[in-house]
Number of protein chains: 2
Amino acid sequence: MESKVIKIALLGLGNVGTGVYKVLENQKDLLVKKIGSQVEIKKILVRDKNKKRSDIVNSELITDNWQEIIQDEEIQIIVEVMGGIEPAKTYILEALEAGKNVVTANKDLLAEYGKDLLNMASLHNKDLAFEASVAGGIPIVRPLKQCLAANNIYEIMGIINGTTNYILTKMTYENLDFDKALEEAKKLGYAEADPTADIEGYDAARKIAILASLAFQSRVSFKDVYVEGITKISTADIEYARELGYVIKLVGIARNVNDNIETRVHPMFLPKDHPLASVNDSFNAVFVRGDAVGEAMFFGRGAGELPTASAVVGDIIDIGRNIIHHSTGRISCTCYNNLNIHPISEVETSYYLRMKVKDKPGVMASIASVFGNHDVSLASVIQKHRTQGKAEIVIVTDIVKEKYLQDALQIIKGLSIIEEISAVIRVGDKN
Amino acid sequence: MESKVIKIALLGLGNVGTGVYKVLENQKDLLVKKIGSQVEIKKILVRDKNKKRSDIVNSELITDNWQEIIQDEEIQIIVEVMGGIEPAKTYILEALEAGKNVVTANKDLLAEYGKDLLNMASLHNKDLAFEASVAGGIPIVRPLKQCLAANNIYEIMGIINGTTNYILTKMTYENLDFDKALEEAKKLGYAEADPTADIEGYDAARKIAILASLAFQSRVSFKDVYVEGITKISTADIEYARELGYVIKLVGIARNVNDNIETRVHPMFLPKDHPLASVNDSFNAVFVRGDAVGEAMFFGRGAGELPTASAVVGDIIDIGRNIIHHSTGRISCTCYNNLNIHPISEVETSYYLRMKVKDKPGVMASIASVFGNHDVSLASVIQKHRTQGKAEIVIVTDIVKEKYLQDALQIIKGLSIIEEISAVIRVGDKN
């Protein structure tokens, strides 16, 4: 085992970058014991060198010149925590090509260009580690690549967006409506000024794409994921969910159904005794089903300066060990399969439907007969709130192929007795 | 990367051994893709060669002669799933000395002789992997050694014995008493004919010793762990716990308090919104607090043929990758600290106390004054069930050092008004 200093460069010094800086400082002396080598930040790349920064950061390390980093042969690990597609993508590819190892927290990039990046790492026998890209501090990437490698995994379900989980928790336990809950999330810094990526499910979709690729050893990209956000969830749906024994969560789901991959992000009725159902506030969790392990769940903080830094520095330590033992590239891209992606129309699940109808005889019969004609069988139908000639009908279907349900809904929408289809939410299986 | 066959030997063909055999068979073709090499079982060591075994096992592999294995230079990984201290310990030491890597699921051995085994592995630059020794299929050993390596961990709490968790779940949700619940656990195969190691907490103590060693990088052995089992838990305590907003769980706890390690296994009042409180039936979970990651939890099956095999084969895959990349010994023993172990008398926590007293004026005052004299302050005192001149008193204390509480109880026990101290159970902090 050589005793030397491993030099690294940080790309980006925002929230996560500052967290990584702090954790590396905290762990300075311990890293020698953990890796067998010191780890030293040699350069930090920023966009604006003159911006005022935290006092804790040694300003001499700061540069705005990528060439100073890429051409520095002493730097063995590049830690990309700048986010966004470019210039991060170019920097990572150049770094791998130059024989440097890379740690990244960049889910946008991985969910779109993971294949190119991992291929480049393999080609040069270097490590590309990305534990922080999914569910922040929660160990899930390495457990899937290593600890659970003996499994055929057939399902991953995750609460992998803290903002939406916080909003839904407030809606469920404090009876806030969506707008009010979003406002609170903004106040606490859980939601950004433009919350689109979170509340429309895009952020969760990127993460489930990465998880699906790891779980099924087959490349899944952001564009392969069906996405629905939580903006249409009303307090009425939350209340009905409770009545029926469920909670509503924004869930990322990836399934291997006879070697067809399904990936989707949407609000879901989760049975209240499902392990994910009690994951509240801004916490994240990833639930895995495999043929050997059975059920496993990983829970923790999905975001935040220090939790994300925990994952990034964990990756740095792992790569450090590989550098010392000359074994970088020891676990490269694990996507050796090339499985088909199922469109959402082929997905089979049950549904919760809420609709406003005219309150007259025969309404139930008309609706039921349309469903019957489309092979949609109904588990329960409840008529509620009958006032002023109108009624609300709440239906839970049995498991059915999405396209049959959508065809049936198309026709029901056209019926003269229907005022509005107010909600269509997928329902998770009760065990 | 070399393309070759990695040959392994299984020591033991019980439940777990058979599981490992099955999982390796299932994964046969996939392992080439995952590791870059085939993995082949060359020998299986058993005590009795003539015993009738499952048809799935190739009987030509079976031997009762350890020398056939230890002297076979082709065998690179020894998988010890026989359990017990001897001959497992001798075999593992001999194997490491002979330059073989070892995977073991043996918590008894690790909790007592972990240091000797890991030192031997380091000395020969070989891997000793033991993911299966704690919490079965749940990835926790590797997450602590790798994913969370950037953290100073200050607390680990685990529900790490499925038998007792099953019994307490039945007592809590189906109002069974201990004996009845134990009987059910036996019927389902969750409890052994002699359930002592489970119900007295010894099994959990071995596991928390291993977890503490990993978390605090300092050797903790079985003998360092304070242990109390669940045999004295009554339905009355379960009912009071519910009333006070708690559930009773058998918890393994390891804390680093100013570089003093506390390790203990005992029943505990857990606040009902603690992530561990909803871990029911025979499920296990390990809850970790670290300075960077914050709170994280790992949940799943803590035992069983296939979940345990999932962990064992995950270790085989990892060692296989190290063999291919010539990097065995890349993560050796991480116990580089030598921290002091705190005795239970120094532990600070709050307590639930239940006692039978004579129902007369001044009783409460006498008890309260003894506690007051010993610096034990009381959070709540409730008098219950006053009949026939007797009453039951339920007390919850504030946080206090164990020795002060025990001193106070010693004196209270001697008071003429006290009929019995029926229960003393530690209480977890509400957040």
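Source: prediction; values computed, not measured. (Residues numbered from 1 in each chain as written. Chains lettered and ligands numbered in written order. Predicted model: local features only at pLDDT ≥ 70, side-chain atom pairs only at ≥ 80, totals over all residues. Heavy atoms only, no water.)

Draft legend 1. Focus on the domain arrangement of chain A. Domain boundaries in chain A define domain 1 (5-136 + 305-334), domain 2 (141-300) and domain 3 (347-427). For domain 1 of chain A and domain 3 of chain A, the distance between their C-alpha centres works out to 52 Å. (Domains from an automatic or database assignment.)

Draft legend 2. Quick look at the interface of chain A and chain B. Across the boundary between the two partners, chain A contributes 50 residues, which contact 51 residues of chain B. Taking both sides of the interface into account, the surface hidden between chain A and chain B amounts to around 4,200 Å²; carbon and sulfur atoms contribute 55%. Counting the surface chain A buries against chain B, the share from its top three residues, Arg321, Arg330 and Tyr336 of chain A, is 16%. Between Asp318 of chain B and Arg330 of chain A there is a salt bridge, with the nearest N and O atoms lying 2.9 Å from each other. The interface formed by chain A and chain B contains 19 residue pairs in polar contact (both at pLDDT 80 or more). Ranked by the residues each element gives to the side of chain A that touches chain B, the list is headed by helix α12 (residues 305-324) of chain A, at 9 residues. Here the residues of the side of chain A that touches chain B sort into 22 nonpolar, 17 polar and 11 charged. As judged from the 5 bridges shared by strand β12 (residues 294-301) of chain A and strand β12 (residues 294-301) of chain B, these two strands associate in the antiparallel manner. (Contact = heavy atoms within 4.5 Å. Buried area = accessible area lost by both parts, 1.4 Å probe. Salt bridge = Lys/Arg side-chain N within 4 Å of Asp/Glu carboxyl O. Polar contact = N/O pair within 3.5 Å; in protein donor to acceptor, adjacent residues only side chain to side chain. Helix = DSSP H or I, 4+ residues; strand = E, 2+ residues; numbered from the N terminus. Nonpolar A, V, L, I, M, F, W, Y, C, P; charged D, E, K, R; others polar. Pairing = 2+ DSSP bridges.)

Draft legend 3. Geometry of the packing of aromatic side chains. Residue and element names in this part refer to chain A. For the structure shown, the criterion picks out 13 aromatic pairs over all chains. Between Tyr202 and Phe222, the ring centres sit 6.4 Å apart and the planes meet at 90°, which makes this aromatic pair edge-to-face. Here the residue Tyr202 occupies a position in helix α10 (residues 202-216), and Phe222 occupies one in the loop between α10 and β8 (226-227), the gap between them amounting to 20 residues. Taking relative accessible area as the criterion, Tyr202 reaches 33% and is therefore assigned partly exposed. (Phe/Tyr/Trp six-rings, centres within 6.5 Å; stacked < 30°, edge-to-face > 60°. Buried < 20%, exposed > 50% of the residue type's maximum accessible area, 1.4 Å probe, protein only.)

Draft legend 4. Local environment of the relation of the copies chain A and chain B. Of the transformation superimposing chain A on chain B, the axial component is 0.0 Å and the angular component is 180°, with the fit at an RMSD of 0.1 Å. Viewed as a symmetry operation, the transformation between the two copies matches a two-fold axis. Closest to the rotation axis within chain A is the C-alpha of Phe298 of chain A, separated from it by 2.4 Å. The overlap is high: 100% of the interface residues of chain A also sit at the interface in chain B, so the same surface is used on both sides. (Least-squares fit on C-alpha atoms with pLDDT ≥ 70 in both.)

Draft legend 5. Spatial organisation of the packing of helix α4 (residues 88-97) of chain B against helix α5 (residues 107-123) of chain B. Residues and elements named next belong to chain B. Following both chains from N to C, one finds α4 and α5 inclined at 15°, their axes separated by 10 Å at the closest point. One way to sum up the angle between α4 and α5 is to call them roughly parallel. When you trace α4 past α5, the crossing you get is right-handed. Residues Ala88, Lys89, Ile92, Leu93, Leu96 and Glu97 of α4 form the contact with α5, whose own contacting residues are Leu109, Tyr113, Asp116, Leu117, Met120 and Ala121. Here the residues of the contact of α4 with α5 are counted per class, giving 9 nonpolar, no polar and 3 charged. (Axes fitted to C-alpha atoms, helices over the stretch in contact; angles between N-to-C directions. Parallel < 35°, antiparallel > 145°, perpendicular 65-115°, else oblique. Left-handed = near helix turned anticlockwise from the far one by under 90°.)

Draft legend 6. Structural context of α4 of chain B. The buried fraction of α4 of chain B amounts to 7 of the 10 residues, a majority that puts the element mostly inside the structure. Just beyond α4 of chain B, the residue with positive phi is Gly99 of chain B, at close to 85°.

Draft legend 7. Structural view of the nonpolar core. In terms of nonpolar packing, the biggest core is built from 160 residues, with Ile156 of chain A together with Ile156 of chain B touching the most fellow members. Discounting chain neighbours no more than four positions away, the residues touching Ile156 of chain B are Leu144, Ile208, Leu211, Ala215, Gly252, Ile253, Ala254, Val286, Phe287 and Val288 of chain B. Among the nonpolar cores identified, the runner-up in size contains 37 residues, and Leu24, Val81, Ala129 and Ile319 of chain B belong to it. (Core = buried A, V, L, I, M, F, W, Y, C linked by side-chain atoms within 4.5 Å.)

Draft legend 8. Spatial organisation of the environment of Glu73 of chain B. Residues and elements named next belong to chain B. Relative to the helices and strands, Glu73 is located in the loop between α3 (66-70) and β4 (75-80). Judged by its relative accessible area of 78%, Glu73 is exposed. In sequence terms Glu73 and Lys7 are 66 residues apart; their C-alpha atoms lie 9.6 Å from each other.

Draft legend 9. Representation of the state of the cysteines in the model. Overall, the coordinates contain 0 disulfides over all chains when judged by the stated rule. With no disulfide partner, Cys335 of chain A has as its closest neighbouring cysteine sulfur the one in Cys333 of chain A, 4.3 Å distant. (Disulfide = S-S within 2.5 Å.)

Draft legend 10. Focus on the pairing of strand β1 (residues 5-11) of chain B. Residues and elements named next belong to chain B. Buried residues dominate β1, accounting for 6 of its 7 residues. As paired strands, β1 and strand β2 (residues 38-45) are joined by 7 bridges and run parallel to one another. Bridging across to β2, Ala9 finds its partner in Lys43. The pairing of β1 with β4 spans 5 bridges and is parallel. Across the sheet, the residue bridging to Leu10 is Val79, located in β4.

Draft legend 11. Highlighting the pairing of strand β14 (residues 348-358) of chain A. Residue and element names in this part refer to chain A. Counting buried residues in β14 gives 8 out of 11 residues, a clear majority hidden from the surface. As defined by bridge partners, β14 adjoins strand β17 (residues 400-401) across 2 bridges and the pair is classed as antiparallel. Pairing of Thr349 across the sheet is with Val400, part of β17. Examined bridge by bridge, β14 and strand β18 (residues 418-427) share 8 bridges and lie antiparallel to one another. Following the sheet pairing, Lys356 is matched in β18 by Glu420.

Draft legend 12. Fine view of the pattern of salt bridges. Applying the stated criterion across every chain, the model contains 63 salt bridges over all chains. Through salt bridges that share partners, Lys7, Lys42, Asp72 and Glu74 of chain A make up one connected network.

Draft legend 13. Region of interest: the sheet that holds strand β6 (residues 128-129) of chain B. Residue and element names in this part refer to chain B. An order of β3-β2-β1-β4-β5-β6 is seen for the 6 strands of this open sheet, with the pairing classed as parallel. Single-partner strands in this sheet number two, and they are β3 (62-63) and β6. Sheet analysis places strand β5 (residues 101-104) next to β6, joined by 2 bridges and oriented parallel. Of the residues in β6, the one forming a bridge with Val102 is Leu128. Packing of α4 onto the sheet brings it into contact with β1, β2, β4, β5 and β6, and relative to β5 it is tilted by some 150°.

Draft legend 14. Layout of helix α1 (residues 15-26) of chain B. Residue and element names in this part refer to chain B. Counted at 1.5 Å a residue, the expected span for α1 with its 12 residues is 16 Å, and the 17 Å between its end C-alpha atoms agrees. Of the positions making up α1, those classed as buried are Val16, Gly17, Thr18, Gly19, Val20, Tyr21, Val23 and Leu24. Buried positions along α1 lie against β1, α2 (28-35), β2 and α12 (305-324). (Expected span 1.5 Å × (residues − 1).)

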